[in-house]
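What the coordinates show
Read off the chains here:
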Amino acid sequence: HKYQVYLPTGYNVGEEWPVILFLHGAGERGSDGTSQSAVGLGKAIREHPDRWPAIVVLPQVAEGSTWVGTHGQMAMAALDRTVAEYRGDRARLYLTGLSMGGQGAWALGYQHADRFAAIVAICGFVGAGPGFPSFLPAGTQDPFAETASKLRGVPIQVFHGGADRVVPAEQSQRMTAALRAAGADVRYTEFPGVGHNSWDLAYARDELSTWLFRQRQR
């Protein structure tokens, strides 16, 4: 499996660096190894590299696949290898994704809540959909409450476009409500009138990266 690693300006092996795992959406699936770096966080870094002083891991899902199952395991393996190879700080590992990658962020967060200091989920969904299997145990009655039960100790920011017709904002609204009910530290931002691409607005926020890098595993 191909993946990209971004090293920030000033990177050196003499210190530990925060590491962000970025999960792309369905449109960047393939085997070229580069499409996933052109959207979302990769685009934000190109526009404002000073805001993102971190190592970033950008794995890629194959055509027809999702972040649930094998490719989720691949993403975690790429993260582990990058942390070891480039001296990542294990207390400052962050997870983010958009659309299909938003579901991936919920999935990997649910499965590895003890690994991440913070999560940023953008226009993601929690339940299963056509071509998108659930990451939750079979028979789960309330996917939002079940996911929140594992993530209540992780600081989280959630973003969604209010006019999103691909993934309804209700998905993020219900996930946020479940997290709040579980006692989680969660912030929800909805962009009125914005469609599915809420990630450009989310990653462009200077305060997002500032908040993110303040988070450390307790």
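Now for a quick tour of the structure.

Basis of the calculations
All residue numbers refer to positions counted from 1 along the written sequence of the respective chain. It should be noted that, the model being predicted, local features are given only for residues of pLDDT at least 70 and side-chain atom pairs only at 80 or more, the latter also being counted only at that level, while totals for whole chains, interfaces and linings use all residues. To obtain the side-chain values, all non-hydrogen atoms of the structure were used and water was disregarded. Note on conventions: DSSP H or I runs of at least 4 residues are helices, E runs of at least 2 residues are strands, and numbering of each starts at the N terminus. Buried residues are those whose accessible area, probed at 1.4 Å on protein chains only, stays under 20% of the maximum for their type, while exposed residues exceed 50% and partly exposed ones sit between those limits. Nitrogen and oxygen atoms within 3.5 Å of one another constitute a polar contact, given that in protein one can donate a hydrogen and the other can accept it, and given that sequence-neighbouring residues count only through two side-chain atoms. A pair of strands is considered paired only if DSSP assigns at least 2 bridges between the two. Angles run from 0 to 180 degrees between N-to-C directions of axes, and those axes are lines fitted to C-alpha atoms, restricted for helices to the stretch in contact. We call two residues in contact whenever any of their non-hydrogen atoms come within 4.5 Å of each other.

A few points about the environment of Y94
Structurally, Y94 can be placed in strand β4 (residues 88-98). Among the residues examined, Y94 registers a relative accessible area of 1% and is labelled buried. As a C-alpha pair, Y94 and V56 span 38 residues in sequence and 9.3 Å in three-dimensional space. At a separation of 3.4 Å, a polar atom in the side chain of Y94 contacts the main-chain carbonyl oxygen of L212. Only 2.6 Å separates the side chain of Y94 from the backbone oxygen of Q215, close enough to count as a polar contact.

Considering the sheet that holds strand β6 (residues 156-161)
Ordered by their spatial adjacency, 7 strands build an open sheet running β1-β3-β2-β4-β5-β6-β7, and the pairing between neighbours is mixed. The open sheet has two edge strands with one neighbour each: β1 (3-6) and β7 (186-191). Averaged over neighbouring strand pairs, the angle between their axes works out to 15 degrees when direction is ignored. Packed on one face of the sheet, helix α7 (residues 206-214) meets β2 (17-23), β4, β5 (118-122), β6 and β7 and runs near 150 degrees to β5.

Digging into the pairing of β4
Burial within β4 is extensive, with 9 of its 11 residues counted as buried. In terms of strand pairing, β2 meets β4 through 6 bridges, oriented parallel. Note on β4: the bridge partner recorded for L23 is G97. In this structure, β4 lies alongside β5, joined through 5 bridges in parallel fashion.

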